[in-house]
Amino acid sequence: MLRALNRVSATGASHVRSLAPAGARFKAGTWGDAPLRDDTTLVHAAVNPDQETGAILTPLYLSTTFVQESVGKYLAKGYSYSRTNNPTTSTLEAKLAAVEHGFGASAFGTGMAATTSAVFATMKAGDHCIITDCSYGGTNRSCREFFTPLGMEFSFVDFTDPENVRKAIKSNTKLIFSETPANPVLTLTDLDAISKIAKESGCYHVCDATFAPPVMLRPLDHGCDMVIQSLTKFYEGHNMMTGGAVISKTQELHDKVKWVQNVNGNIMNPFCAFIILQTSKTMALRVRQQSKSAMAVARFLEAHPKVTKVMYPGLESFPQKELADRYHRDGLHGGMLWFDIVGGSDAGTKLMDNIQRPWSLCENLGSTESIITACAVMTHANMLKEDRMKVGIGDGFIRVSCGIEDTEDLISTLAAALETC
Ligand code: PLP
């Protein structure tokens with residue numbers, strides 16, 4: 001897959017083609033035969049030195065249209081108009097497909113555009129979707145306030161027990177939508193079990209794995225049909241760009257998502273794709289450091305007398321620890337955790353108001369900068385309050401995204417803020 005240059009067909013489907021000419025062994029610039037490991041794939045997949053100039057990075061093609069040699073040779077070079085496909089964006093899409101083990105990927109301007117496109121590609125009026133009762137607030141809102149009025153039906157179900165999902169299946173169920181770890185409460189989904197239910201019921205299983213980048217989890221290896229990534233988070237990782245992707249396991253699904261993307265015109269712009277092509281190369285390094293810090297911060301919080309509850313999939317006390325160890329690769333449990341403190345909502349709010357740098361009080365996650373988020377008023381404000389409280393997102397709920405700063409600096413600043421509460 002690494003010896004691959006992305007090409008886009010007239011239908012918009014991505015393909016990979018081998019660049020290693022026969023007999024090219026031991027020549028500078030060619031790849032050997034040995035299979036390459038994940039960290040190498042993350043750096044090199046889909047990217048080849050420019051054949052004309054030798055530029056090591058895929059160029060930023062800021063071009064709206066692509067000149068055709070003749071009417072008869074329309075699309076001979078693979079591109080016509082950048083709302084449909086652009087060479088820089090296509091390269092990122094090919095890289096995402098390789099890294100996530102999919103057939104093809106569609107890159108969007110945001111994670112929400114990826115989510116709504118996955119729904120549009122698989123559902124129509126009269127169809128039913130079973131979705132986790134705890135997801136990113138924007139996902140929950142799109143189902144309740146955007147898709148439901150269009151005639152689609154949604155059941156919000158606790159995915160921690162796959163039997164709940166099985167029981168919710170109806171004759172018109174077309175899509176099962178999981179999120180693992182779920183934003184923000186970090187409940188995990190047994191993806192193999194849910195995929196099995198989807199297969200037996202003849203519907204698709206899409207998983208939003210934004211909290212679990214591929215160095216940690218690859219849902220397509222667990223029977224999922226599609227994976228959604230908000231690229232804004234771990235992939236981009238530097239608080240510069242928003243982006244999203246749907247990576248599909250089959251050509252059939254990939255073509256559907258690409259078609260929806262072309263109709264809606266929400267493809268990722270090439271500048272953003274160029275940036276994410278670069279920042280994603282360091283994602284595995286960042287996630288290892290973020291996971292290390294998150295584990296240390298979680299342990300510190302667990303031992304602190306003012307902390308009533310800490311949730312981190314790496315902690316022995318985590319309710320789904322067995323699932324975390326079964327699904328999270330290389331012992332990596334990610335950079336996300338949450339906690340509650342003595343004094344409830346008021347004390348939690350006070351801590352968030354008092355936290356000093358290097359922590360930043362804001363939305364977003366998965367970046368180099370460490371972030372604290374007040375989910376009740378920020379990321380999940382658009383959930384119904386009763387739904388939010390039911391899944392445990394109280395007003396003082398403190399969500400933590402560990403960045404790549406020195407772990408001790410993160411802990412000592414947190415300790416100082418806790419003293420003020
Ligand atoms: N999915 C999850 C799990 C998220 O946390 C987010 C955003 O926080 C999204 C999807 C939406 O991504 P974006 O903000 O890039 O639209």
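Residues numbered from 1 in each chain as written. Predicted model: local features only at pLDDT ≥ 70, side-chain atom pairs only at ≥ 80, totals over all residues.

**Q** Tell me about the confidence of the model for the protein chain, and name the residues and values.
**A** Mean pLDDT over the protein chain stands at 94; residues scoring 70 or higher make up 94%. Per-element averaging of pLDDT across the protein chain places strand S1 (residues 4–8) at the bottom with 37 and strand S9 (residues 244–248) at the top with 99. Segment residues 1–19 is flagged for pLDDT under 50; beyond a separation of four residues in sequence, or across chains, it makes 55 contacts in the model. (pLDDT = per-residue confidence, 0-100. Helix = DSSP H or I, 4+ residues; strand = E, 2+ residues; numbered from the N terminus. Contact = placed C-beta atoms within 7 Å.)

**Q** Go over the site of the ligand, please, and point to the residues and values.
**A** Near the ligand lie 17 residues; those nearest to it are Thr110, Gly111, Tyr136, Ser230 and Thr232. Listed by contribution, the elements that provide at least two residues to the shell around the ligand are helix H3 (111–122) and helix H4 (137–147). Top contributing element to the shell around the ligand by residue count: H3, with three residues. (Near = placed C-beta within 6 Å.)

**Q** Help me get a handle on the sheet that holds strand S8 (residues 226–230), residues and values and all.
**A** In spatial order, the strands read S3-S9-S8-S7-S6-S4-S5; together these seven strands make up an open sheet with mixed pairing. In this open sheet, the two strands that pair with only one neighbour each are strand S3 (104–108) and strand S5 (153–157). For this sheet, the mean inter-axis angle between neighbouring strands, taken without regard to orientation, is 20 degrees. Note: S3 against S9, five bridges, orientation antiparallel. Looking across to S9, one finds that alanine 105 is bridged to isoleucine 247. Across the face of the sheet, H3 comes into contact with S3, strand S6 (173–179), strand S7 (204–208), S8 and S9 while running at roughly 35 degrees to S9. (Pairing = 2+ DSSP bridges. Axes fitted to C-alpha atoms, helices over the stretch in contact; angles between N-to-C directions.)

**Q** A description of the sheet that holds strand S11 (residues 336–341) should follow, citing residues and the corresponding values.
**A** One open sheet accounts for five strands, arranged S10-S11-S14-S13-S12; its pairing is mixed. Whereas interior strands pair on both sides, the edge strands pair on one side only; in this sheet they are strand S10 (307–311) and strand S12 (360–361). As judged from the four bridges shared by strand S13 (residues 371–374) and strand S14 (residues 398–401), these two strands associate in the antiparallel manner. Counterpart to isoleucine 372 in the pairing with S14 is valine 400. Set on the sheet, helix H11 (residues 344–354) makes contact with S11, S12, S13 and S14; between it and S11 the angle comes to about 125 degrees.

**Q** Mind laying out the nonpolar core, listing which residues take part and the relevant values?
**A** Membership of the largest hydrophobic core comes to 111 residues, with the highest contact counts inside it found for Met226 and Leu337. Discounting residues that sit within four places of it in the chain, methionine 226 has contacts with Ala118, Tyr204, Val206, Val246, Ile247, Ser248, Lys249 and Leu253. (Core = buried A, V, L, I, M, F, W, Y, C linked by C-beta atoms within 7 Å. Buried ≥ 20, exposed ≤ 12 C-beta atoms within 10 Å, placed from the backbone.)

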